[in-house]
Amino acid sequence: MLPRVADSLSFLYLDMVRVVQDDTGVCAQIQVSEDRTDTVYIPTAALSCLLLGPGVSITTRALATLARHGTSVVCTGSGGVRAYAGILPSSLTTHWLEQQAAGWADPARRLDVAVSMYGMRFDAGDVPGDVTLHTLRGLEGQRMKALYRLLAQQHGIGRFRRNYHPDQWDRQDPVNLALSAANTCLYGIVHAALLALGCSPALGFVHAGTQHAFVYDIADLYKADLTLPVAFSLHQSANPEQEARRKFREGLRLVRLLPRIVRDVQTLLTPADDEADNEDDDRSDRREVEMVHLWDPREGVLPAGVNYGRGEL
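Residues numbered from 1 in each chain as written. Predicted model: local features only at pLDDT ≥ 70, side-chain atom pairs only at ≥ 80, totals over all residues. Heavy atoms only, no water.

Peer 1: In this structure, what is going on with the pairing of strand 9 (residues 293-296)? I would like to understand it.
Peer 2: Sheet faces and side chains relate simply in a regular strand, where the side chains alternate between the two faces. Here 4 bridges tie strand 9 to strand 10 (residues 300-303), and the two strands are oriented antiparallel to one another. In the sheet register, Trp295 faces strand 10, and the bridge partner there is Val301. Counting the residues in the hairpin turn of strand 9 and strand 10 gives 3 residues. (Pairing = 2+ DSSP bridges. Helix = DSSP H or I, 4+ residues; strand = E, 2+ residues; numbered from the N terminus.)

Next comes the structure, spelled out in structure tokens:
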């Protein structure tokens, strides 16, 4: 019985290693010297996300084992910065993906989800009843500016402005560098959780136009608690990127982030009309599908493997 994604380890970052499958399990081979190779075994069944950085090679057998255990694999840049691609196991049901697509395609439900996201981050009491997505973005921007000012005052760094320029990475100030590094680690964990649920990282409710739109939506729920305090605390750091990743991961030991992500995503994607019906249900975050079903516009889901022909062509 595989552990649920909510109970799994958060993530493991690797670079400059070879990942293989041997008779014992999946392991990372580290070339220490010409005549010495160290081997570290990876707990694939209890690992939520494996981040593969530069210099990593992986065998097909190892990938097959990771997929069988439900471990998401994400290809990243150096130090886990920027996620480029990911794979997910084929045994997952499409339940949450269908809920996500239905909410994304309905303008009214999409706005409801966006308002719910705002309520999870801030006080939803200041959201007017006839709010639009444009107004919601303005409210969110005001709240974030106020939070930046508060953190800047607490750490005595004067005025702060969020800047992110990938083509000028090394020219950023320590806080922006640390925040970008910590956010990317957060994106990797959120990406892994969404893949483990079977959701599409691309169908965002607030963000759009990128394959990670929904990742950014969900990650925004936790930045004020996790990445922003870390980044501002490193305003005098000589190596803010490395220290941000280390402090962020240390902070995860005190915060059960994966259960929060799973619970929040399921809450957001569950229609309001279905919430009462689902209160007593065990909404598993790793539902495995053993049977493919058929869809009918009138009768709903029908069992597959049945001949529905009635003799007529």
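Peer 1: Help me understand helix 3 (residues 107-121) in this model?
Peer 2: Compared with the 21 Å implied by 1.5 Å per residue over 15 residues, the 21 Å span of helix 3 between its first and last C-alpha is a close match. For helix 3, every residue scored as buried is listed here: Val113, Ala114, Met117 and Tyr118. One side of helix 3 carries all its buried residues, which in axial view fall inside an arc of 140°. Packing partners of the buried residues in helix 3 comprise helix 4 (133-155), helix 6 (213-219) and helix 9 (257-269). Two to three positions downstream of the cap, the backbone nitrogen of Ala108 sits 3.0 Å from a side-chain oxygen, assigning the N-cap of helix 3 to Asp106. (Expected span 1.5 Å × (residues − 1). Buried < 20%, exposed > 50% of the residue type's maximum accessible area, 1.4 Å probe, protein only. Arc of directions from axis to C-beta. Contact = heavy atoms within 4.5 Å. Polar contact = N/O pair within 3.5 Å; in protein donor to acceptor, adjacent residues only side chain to side chain.)

Peer 1: I'm lost on the packing of helix 3 against helix 9 in this one. Help?
Peer 2: Helix packing for two helices is described by the angle between their axes and how far apart those axes are. At a minimum axis separation of 9 Å, helix 3 and helix 9 run at an interaxial angle of 145°. Helix-helix and strand crossings are classified by hand; for helix 3 and helix 9 the assignment is right-handed. Mapping the contact onto sequence places Arg109, Val113, Ser116, Met117 and Met120 in helix 3 and Asp264, Thr267, Leu268 and Leu269 in helix 9. Counted by class, the contact of helix 3 with helix 9 contains 5 nonpolar, 2 polar and 2 charged residues. (Axes fitted to C-alpha atoms, helices over the stretch in contact; angles between N-to-C directions. Left-handed = near helix turned anticlockwise from the far one by under 90°. Nonpolar A, V, L, I, M, F, W, Y, C, P; charged D, E, K, R; others polar.)

Peer 1: I tried to follow the packing of aromatic side chains on my own but got confused; where do I start?
Peer 2: Each aromatic ring pair is specified by the distance between its two centres and by the angle formed by the two planes. Going through the model one piece at a time under the given rule, you end up with 5 aromatic pairs. Considering the side-chain rings of Tyr118 and Phe122, the 5.1 Å spacing of their centres and the 55° angle between planes classify their relative orientation as tilted. The same class applies to Tyr118 and to Phe122, which are both buried. Measuring from centroid to centroid gives 5.3 Å for Tyr148 and Phe160, while their planes differ by 75°, and the two rings are edge-to-face. Of this pair, Tyr148 sits in helix 4 while Phe160 sits in the loop between helix 4 and helix 5 (174-197); the two residues are 12 residues apart in sequence, bridging distant segments of the chain. Like Tyr148, the residue Phe160 is buried in the burial classification. Grouping aromatic residues by their ring pairs yields a cluster made of Tyr148, Phe160 and Phe232. (Phe/Tyr/Trp six-rings, centres within 6.5 Å; stacked < 30°, edge-to-face > 60°.)

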